[in-house]
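Architecture and fold: a report
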Amino acid sequence: MGLQQFEQRLERLVEGAFAKAFRSGLQPVEIARRLTREMDLQRSVGPRGVIAPNAFEVGLAPADIDRFESFADALSRELADAAREHARTERYNFMGPVEVALKPNQSVSPGACRVTSEVKGGPGGGPTIGLVLPDGRTVTMADRPLVIGRLPECDIVVEDSNVSRRHAEVRRDGPDVVVVDLGSTNGTRVNGARVQTRRLNDGDEITIGRTSIRFEVR
């Protein structure tokens, strides 16, 4: 995504009076820069590779909290997305879902911010894994495989004549998650390349027929 795209997305979220928050004082993109720098400073090497913190608290002056109040939830979500994008770029791993909380801090001056972080384990000791559908819905993955196909009993039903009845499944393989083609007629692609079995990385696009599904680690 990059910080420029992050800022453009935030600007589209606010109009009219809300846009004043972007004209002076602390800018949201500066918070994103501090957050990604915190990830770089606090990363560590673990059995699963480089581990980055996933739980962040952003301390802001009360005046800045008031400026961002109207879109605080959206800002927190966008900051979490920025953290996930930075992790993809740097090949960091998370031990749990990414969470960003904006908190008032009397000791922080207006226009400044203080970011603290920790590695916080999620359910089962790992991050939340999901498949993001074209309509924006996310299907969360538990321990059992997720089957994708045309049949009504599939976990993800795709109404597309180019998709087989049981087309593919996404399942765990030890610490990894893989997509497996189930002998479909038209094949399964990951990031444009046809695959039989492929280990998935955060942000990969699984394409079956005319439908693309994004794999996300949150």
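Let us look at the structure shown here.

Conventions adopted
Going along each chain's sequence as written, the residues are numbered from 1 onward. In keeping with the model being predicted, local features are shown solely for residues with a pLDDT of at least 70 and side-chain atom pairs are shown and tallied solely at 80 or more, while totals for entire chains, interfaces and linings include all residues. Based on all heavy atoms of the structure, the side-chain values leave hydrogens and waters out of the count. We call a set of buried Ala, Val, Leu, Ile, Met, Phe, Trp, Tyr and Cys residues a nonpolar core when their side-chain atoms join them within 4.5 Å. Three labels apply to residues, based on accessible area from a 1.4 Å probe with only protein chains included: buried if under 20% of the type maximum, exposed if over 50%, partly exposed otherwise in between. Each helix is a run of H or I in the DSSP string that is no shorter than four residues. Each strand is a run of E no shorter than two, and both are numbered from the N terminus. Any two residues having at least one pair of non-hydrogen atoms within 4.5 Å are treated as being in contact. For a helix, the expected span equals 1.5 Å multiplied by the residue count minus one.

Generally speaking, soluble globular proteins have nonpolar side chains that are buried together. Ranked by internal contacts, the top residues of the largest apolar core, which has 25 residues, are Ile 31, Met 39, Phe 56, Val 58, Leu 60 and Leu 79. For this core, the elements supplying multiple residues, two or more each, are helix 2 (28-42), strand 3 (55-60), helix 3 (62-68), helix 4 (72-90), strand 4 (99-104) and strand 5 (113-118). Tallying contributions element by element places helix 4 first for this core, with six residues. Not counting chain neighbours up to four residues away, the residues in contact with Leu 60 comprise Leu 26, Ile 31, Ile 65, Phe 68, Lys 103, Pro 104, Asn 105, Val 108, Ala 112 and Cys 113. Within the second largest apolar cluster, 22 residues are counted, among which are Leu 133, Ile 148, Ala 168 and Ile 208.

With that out of the way, let us pick up helix 2. Compared with an ideal rise of 1.5 Å per residue, which puts 15 residues at 21 Å, helix 2 spans 21 Å between its outermost C-alpha atoms and is within 8% of the ideal. Those residues of helix 2 that fall on the buried side of the exposure criterion are Pro 28, Val 29, Ile 31, Ala 32, Leu 35, Thr 36, Glu 38 and Met 39.

Let us look at unusual backbone geometry. Despite not being glycine, Arg 91 shows a phi value in the positive range, around 60°. Given the relative accessible area of 68%, Arg 91 is considered exposed. We note that Asn 191 has phi near 55°; this positive angle belongs to a residue other than glycine. Of note, Asn 191 is situated in the loop between strand 12 (188-190) and strand 13 (193-195).

Interpretation note: all reported values are geometric properties and have no functional meaning in isolation.
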